[in-house]
Amino acid sequence: MNTVAREHRTPAGPTSAEAARLLAEYGPNEVAAQPCVPLWARVAAQLRDPLITVLLAAVVLTLAIGDRPDAVVIALVVVVNTTVGVVQEVRAEESVAALSALSTPRARVMRDGGPREVPSAAVVPHDVLVLGEGDVVAADAGLTESAGLLVDESALTGESVPVDKAVSAADPDGRTVRSGTVVLRGRALAVVTATGADSALGRIAALMRPRPDPTPLQRRLADLGRVLAVVALSLCAAVFVLGLLQGQPAGRMGVTAISLAVAAVPESLPAVVTMALALGARHMASRHALVRRLPAVETLGSVTVLATDKTGTLTEGRMVVERLWTPGCTASVDGHGYDPSGRLLVDGSPPGPAEAEELRALLTATALCNDAALRPPTEAGGPWTALGDPTEAALLAAAAKAGLDPVDLGAAFPRITELPFDSVRKRMTTVHRTAGGGTLVCLKGAPEAVLTAAVLDETEEVLERARAASTRLAAEGFRVLAAARGTRHGFPAPAADAEHGLRLLGLAALADPPKSAASAVLADCVRAGIRPVLITGDHPATARALAVRVGLLEPDARSADVVRGADLGSGTVTDLTRPTVFARTDPGQKLEIVQAWRDRGAVTAMTGDGVNDGPALRRADIGVAMGRRGTEVARQAADLVLTDDSLATVVGAVEEGRRVYDNIRRFLLYGLAGGAAEILVMLAGPLFGLALPLRAGQILWINLLTHGLTGVAMGAEPVSPGAMSRPPRPPEQHVLGSGLWQRVLLLGTVVTAVSLGAALWARSDGRPWQSILFTALLAAQLGVVLGLRERLLTRANPFLPAAVLASAGLAAAALYLPFLRSVLETEPLSWGDLVGPVLAGLAGFVAARTQRAVARPRWTARASGRTPARPAERPVKRAGGTSLRPRAGTGMEPPPDDDAG
Ligand code: ATP
């Protein structure tokens, strides 16, 4: 047992004004920020892009052969591309920086005489850090008070064995804590000695600076870009040869082929993806979900399993003691929330003297073995609130109802040492000095961890009665704690002594009602093909009762349907992906369950808040931490932090992830179909006698208006109404998978056919066919972009119609502004000439709509139940009574078609 070294006075810490002065003096408590990349370096990076290099070569080539107009257009494209590239990069970086600012680490310090939560960056030397389980130490500090402090220093030292720290440690190192280390258990106060670059973390910061790795999708798209580049370049070579065979001059064909290559390869893809992900993350932040890693945005859309904890996630997390059991009586407790007013009643009447004595003894022990506090309402009629663990706060409120004041109790029985609660031992013990010079041991914990002969000196008959009572209360949905007490003469020497030979005081049953939205959120998960799984540290009967209430289990489910953590290692449960409810698990077992799902190919999201949840949060594809009640270490291990601690927010984030992914696929469909059409026009044109269908400048102009304006606007398209009624996409599905390739080719062919058709008609009619082809190709692509919209007339994304209008305006400028006309070598079109392009635009629109209509019934059919549930999968029951069968959850269902267009 760690000996407590307590100062009698809690250091007050600096005032806010002193802290502000110290902050100005020492600077923020941050490791050195990333150096800012200068503009010239960004421009140079863009110019190093192979495609831009090729374009620069083309400028030289065109100038050499005296083709000034093409040289101007190509130079313009280089300027616009570079500008757009730099702007997108800066904006994406800003978005990511804004996101990390939202999820900055926080620290608890004493300010103005009381504990306050401040951003870690605002911690200053002389601040008093208030450290508790799950905190990440914000700065180097010397301990002034400590109780059972165990610190994980592996982040700094690589040493995985946790270190005991105490004010009384002989070694000076043992009396200090260093920034970046994690409090595994215990509590402490520590005065900050060094912050920022002077702290331990600051000194090794250079080694730890995170590198923004490309997301899996970005990597895949980069691979795809390379393949497309090879294909496009070979086709462009074919165009080049074809032109030469037709007697075109080599220089002009060279420039044309290069321009075509530039237009056909969607070089803006990685930038578009980063923008889409960053904007998606911003959107999520406005919906209470802070994304800590950008790749999480794309992974969220494909989550197939949601492993959730119980308290505060499915339940309100506001505990209230409703029943008390002692060997002599059973009492009910009335009152609301943490309000300390209420009564204890035995069979509806105030308890008799003996009963009152037993109940007071029970509540005295649970109030002493307690680190929480109750806060009175801040406004008239407002609720009392809990500071610290809700379970412990509820026990304080119950004690108050028996007339016990925790402050008086603390003064009468000062705490001298403790064994803090942790979710593996599932119990907590405190040792107090009594007036007579002896010691009092108070213990509380899960009934299984207390009602044993090893802990209690009670007859088997008493233990059996207590166990039966605790099972009964748990089956009613209560969280049950057992409490015991022992007196010693003198201080118990070895730690183990404190938890032996105690007398049972009784049981406290705490109610924590399910959140009203819980069953609807779980039903939404099931509708979206996500399998919900409940993993809790609570009793199986309590877990079962809640699971039935929120619709995770059938009302006739038995406790045996709930798997216990202890069963996992025993071989009773062979497939961890079968059960829907796990109880009495410890954090290590959570890890096993998540791993089992991952081994099955599922994409898992897991909620957690405790210090030991870190590994499982990291192991899950999406670790979700509770921003309010979660520990700092859980927040830092997570990919997603919920600022409202609500499961509905995870489901909202999944929807957002699906939206972003759909939009990226829509952009691909549009961009690649356009590129394919441009190449096909150039390849097929000569076969129909159109010698050089488009000039280099014209190709690049089309590219600018399609990939640039409208392409980027597509990223902001709203979520499709059906996004959450279809199964998640299989994680291994290629971004061009489930029919997208075919759709690219089909749309590309339609756009080619209508554009060439317009040109051939124009030529036969003696009209300016090349300008008509240029306009038709552009119009058909703009028709496609509008046709791919999920909801045609939605006002949710005004950028897209605005971008289409702007593109149409720029196309008109290319035809009617004399300067652009001479550069692009176009001719003005008459009203009659415009018939062909208008029809091409309509055809592009109709083709995109028809394709969508044909694609939709296919995914709807799959989403509506053709996917077989695995035989062992338990139907999920809605609160209303209709049973919903999980449709997905294995990540192995047939690939759904998507909404991309
Ligand atoms: P949940 O899924 O509800 O969030 P959990 O995994 O957080 O549960 P724990 O907090 O580990 O569960 O609690 C496990 C058991 O330990 C509880 O059922 C209760 O009996 C006991 N317990 C909880 N809090 C305390 C405490 N502060 N002191 C002593 N025992 C506690």
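About the criteria used
Numbers given for residues are sequential positions, taken from 1 along each chain in its written order. With pLDDT at 70 or above as the cut-off, local features in this predicted model cover only qualifying residues; side-chain atom pairs require 80 or more to be listed or tallied, and sums for whole chains, interfaces and linings still use all residues. Side-chain numbers come from the whole structure's heavy atoms, not from hydrogens or water. For helices the rule is a DSSP run of H or I covering at least 4 residues; for strands it is a run of E covering at least 2, with both sets numbered from the N terminus onward. Think of it in three bands: with a 1.4 Å probe and only protein chains considered, a residue is buried below 20% of the maximum accessible area for its type, exposed above 50%, and partly exposed in between. Here a residue-residue contact requires only that any non-hydrogen atoms of the pair lie within 4.5 Å. All accessible areas in this document rest on Shrake-Rupley with a 1.4 Å probe, and a residue is counted as covered only by the protein chains that are shown. A cutoff of 4 Å decides nearness: a residue is near a molecule or strand if any of its heavy atoms lies inside that distance of it. A 3.5 Å cut-off defines polar contacts: any pair of N or O atoms within that distance qualifies, except that in protein one atom must be a possible hydrogen donor and the other a possible acceptor, and neighbouring residues in sequence count only when both atoms are side-chain atoms. Throughout, the ten residues Ala, Val, Leu, Ile, Met, Phe, Trp, Tyr, Cys and Pro are labelled nonpolar, Asp, Glu, Lys and Arg are labelled charged, and all others, Gly among them, are labelled polar. Each domain span listed reflects an automatic or database assignment of domains. Two strands form a pair only when DSSP identifies at least two bridges running between them. Convention adopted: a line fitted to C-alpha atoms gives each axis, helices being fitted over their contacting stretch, and angles between N-to-C directions are expressed from 0 to 180 degrees. Within the patch definition used here, like charges are joined within 9 Å and nonpolar side chains (Val, Leu, Ile, Met, Phe, Trp, Tyr) within 5 Å, considering only residues with over 30% relative accessible area and no salt bridge. When a carboxyl oxygen of Asp or Glu is within 4 Å of a side-chain nitrogen of Lys or Arg, the pair counts as a salt bridge. Just so you know how the angles are binned, under 35 degrees is roughly parallel, over 145 roughly antiparallel, 65 to 115 roughly perpendicular, and the rest oblique. Centres within 6.5 Å make a pair out of two Phe, Tyr or Trp rings, where for Trp the six-membered ring is used; the pair is then stacked when the planes are under 30 degrees apart, edge-to-face when over 60, and tilted otherwise. To sit over a ring, a charge needs its Lys NZ or Arg CZ within 6 Å of the ring centre and within 35 degrees of the ring normal. Under the convention used throughout, the expected extent of a helix is 1.5 Å for every residue step, that is, one less than its residue count.

Asker: Just to check I follow, could you spell out the overall build of the protein chain for this structure?
Answerer: Across its full length, the protein chain holds 29 helices and 27 strands. Within the protein chain, the fraction of its 901 residues that count as buried is 55%. Within the protein chain, residue pairs in contact and separated by at least 24 positions form 72% of the contacts whose partners lie at least 6 positions apart. When the accessible surface of the protein chain is summed, it comes to about 36200 Å², and 61% of that surface belongs to carbon and sulfur atoms.

Asker: Help me understand the environment of L387, please; the structure alone is not making it clear to me.
Answerer: Mapped onto the elements of the fold, L387 is located in strand β14 (residues 385–387). Sequence-wise, L387 and L374 are 13 residues apart; in three dimensions their C-alpha atoms are separated by 6.0 Å.

Asker: Would you take a moment to explain the site of the ligand for this structure?
Answerer: Among the 18 residues in the neighbourhood of the ligand, the closest are listed as T311, D389, T536, G537 and D538. V480 places a main-chain nitrogen or oxygen 3.0 Å from an oxygen atom of the ligand. Contact distances for the ligand include 2.8 Å between an oxygen atom and a side-chain N or O atom of T536. Burial of the ligand by the protein chains amounts to 92% of its free accessible area of 630 Å². For the shell around the ligand, the secondary-structure elements that each account for two or more residues are β17 (439–445) and β18 (479–488). Ranked by the residues each element gives to the shell around the ligand, the list is headed by β18, at three residues. Classifying every residue of the shell around the ligand gives five nonpolar, five polar and eight charged. Counting contributing residues per domain, the shell around the ligand is built from domain 2 (305–315 + 516–645) and domain 3 (320–511), each supplying no fewer than three.

Asker: What exactly am I supposed to notice about the sheet that holds strand β25 (residues 640–642) here?
Answerer: Pairing between the strands of a sheet is mediated by backbone hydrogen bonds and can be parallel or antiparallel. A sheet is described by the order of its strands in space; here eight strands give the open sequence β8-β25-β24-β23-β9-β20-β22-β21, paired in mixed fashion. A single partner strand is all that each edge strand has here, and the edge strands are β8 (289–291) and β21 (562–564). Geometrically, the sheet is characterised by an average inter-axis angle of 20° between neighbouring strands, direction not taken into account. Pairing between β21 and strand β22 (residues 581–583): three bridges, direction parallel. Paired with R564 across the two strands is A583, which belongs to β22. Its contacts with the sheet place helix α20 (residues 587–599) against β9 (305–308), β20 (531–535), β22 and β23 (604–608), and it is angled at close to 165° to β23.

Asker: I'm lost on a nonpolar patch on the surface in this one. Help?
Answerer: A grouping of W761, V835, V838, L839 and L842 is seen on the molecular surface, where their side chains present a nonpolar patch of about 450 Å² in accessible area. Within the secondary structure layout, W761 lies in helix α25 (residues 740–764). Residue classification places W761 among the partly exposed residues on the basis of a relative accessible area of 32%.

Asker: Would you mind showing me how to read the pattern of salt bridges here?
Answerer: Pairs can form between side chains of opposite charge once their charged atoms are near each other. A full pass over the atoms with the stated rule returns 36 salt bridges. Residues E461 and R465 are paired through a salt bridge, measuring 3.3 Å at the closest nitrogen-oxygen approach. Pair noted here: E461 and R465 are both in helix α16 (residues 460–475), with a separation of four residues, about one helical turn. Notably, a salt bridge pairs E717 with R789, separated by 2.8 Å at the nearest N-O pair. With E717 in the loop between α24 (696–714) and α25 and R789 in the loop between α26 (769–787) and α27 (799–816), the pair connects residues that are 72 residues apart, well separated along the chain.

Asker: Explain the sheet that holds strand β10 (residues 320–326) here, please?
Answerer: Read from one edge of the open sheet, eight strands run β12-β11-β10-β19-β18-β17-β16-β15, paired in antiparallel fashion. Each of the sheet's edge strands pairs with one partner strand only, and the pair in question is β12 (344–345) and β15 (415–419). Sheet topology places β18 next to strand β19 (residues 503–511); seven bridges connect them, and they run antiparallel. Paired with R479 across the strands is L510, a residue of β19. The strands touched by helix α12 (residues 353–368) are β10, β11 (329–333), β12, β15, β16 (427–433), β17, β18 and β19; relative to β10, the strand with the most contacts, the crossing angle is about 125°.

Asker: I would appreciate a short explanation of the pairing of strand β7 (residues 182–194) in the present structure.
Answerer: Side chains on a regular strand alternate between the two faces of the sheet. Of the pairings in the sheet, the one linking strand β3 (residues 128–131) to β7 comprises four bridges and is antiparallel in character. From the neighbouring strand, L129 faces β7, where its bridge partner is A190. Two elements, strand β4 (residues 140–152) and β7, share ten bridges in a ladder whose sense is antiparallel. Opposite A147, over in β7, you have R187 as the bridge partner.

Asker: Could you clarify how one ought to interpret the environment of P340 in this entry?
Answerer: Residue placement: P340 occurs in the loop between β11 and β12. Leaving out residues up to four positions away in the same chain, P340 has contacts with W384, A397, A400 and K401.

Asker: For this particular structure, what's the right way to read the pairing of β10?
Answerer: Within β10, five of the seven residues are buried, leaving the element largely enclosed by the surrounding structure. Pairing geometry for β10 and β19, over five bridges, is antiparallel. The partner of V321 across the bridge, within β19, is L510. Inspection of the sheet shows β10 paired to β11 by four bridges, in the antiparallel sense. By the bridge assignment, T326 is partnered in β11 with C329. Counting the residues that bridge the hairpin from β10 to β11 gives two residues.

Asker: Quick question: what am I supposed to make of the packing of α26 against α27 here?
Answerer: A packed helix pair is summarised by two numbers, namely the angle formed by the two axes and the spacing between the axes. Where α26 meets α27, the closest approach of the two axes is 11 Å, and the angle between their N-to-C directions is 180°. With respect to each other, α26 and α27 are oriented roughly antiparallel. Residue-level inspection shows S771, F774, T775, L778, L782, V785 and L786 of α26 in contact with α27, the latter providing L800, V804, S807, A808, A811, A814 and L815. Tallied by class, residues from the contact of α26 with α27 come to eleven nonpolar, three polar and no charged.

Asker: How should I be thinking about the side chain of R42 in this particular structure?
Answerer: Relative to the elements of secondary structure, R42 occurs in helix α2 (residues 39–47). Owing to a relative accessible area of 9%, R42 belongs among the buried residues under this scheme. Not counting the four nearest positions on each side in its chain, R42 is found in contact with V37, V86, E89, V90 and E93.

Asker: Please explain the packing of aromatic side chains as it appears in this structure.
Answerer: Each aromatic ring pair is summarised here by two numbers: the centre-to-centre distance and the angle between the ring planes. Applying the stated criterion across every chain yields a total of zero aromatic pairs. In this structure, R729 packs its charged tip against the face of Y661, placed 3.5 Å from the ring centre.

Asker: Is there a simple way to think about unusual backbone geometry in this case?
Answerer: Outside of glycine, negative phi angles account for most residues, and trans bonds account for most peptide bonds. A positive phi angle, close to 80°, is found at H126, a residue other than glycine. Its place among the elements puts H126 in the loop between β2 (114–119) and β3. By relative accessible area, which is 47% here, H126 ends up partly exposed.

Asker: Can you walk me through helix α9 (residues 250–264) in this structure?
Answerer: Along an α-helix, residues three or four positions apart point the same way, because every turn accommodates 3.6 residues. Between its first and last C-alpha atoms α9 spans 21 Å; for 15 residues at 1.5 Å apiece the expected length is 21 Å, and the two agree. For α9, the buried fraction is high: 13 of the 15 residues fall into the buried class.

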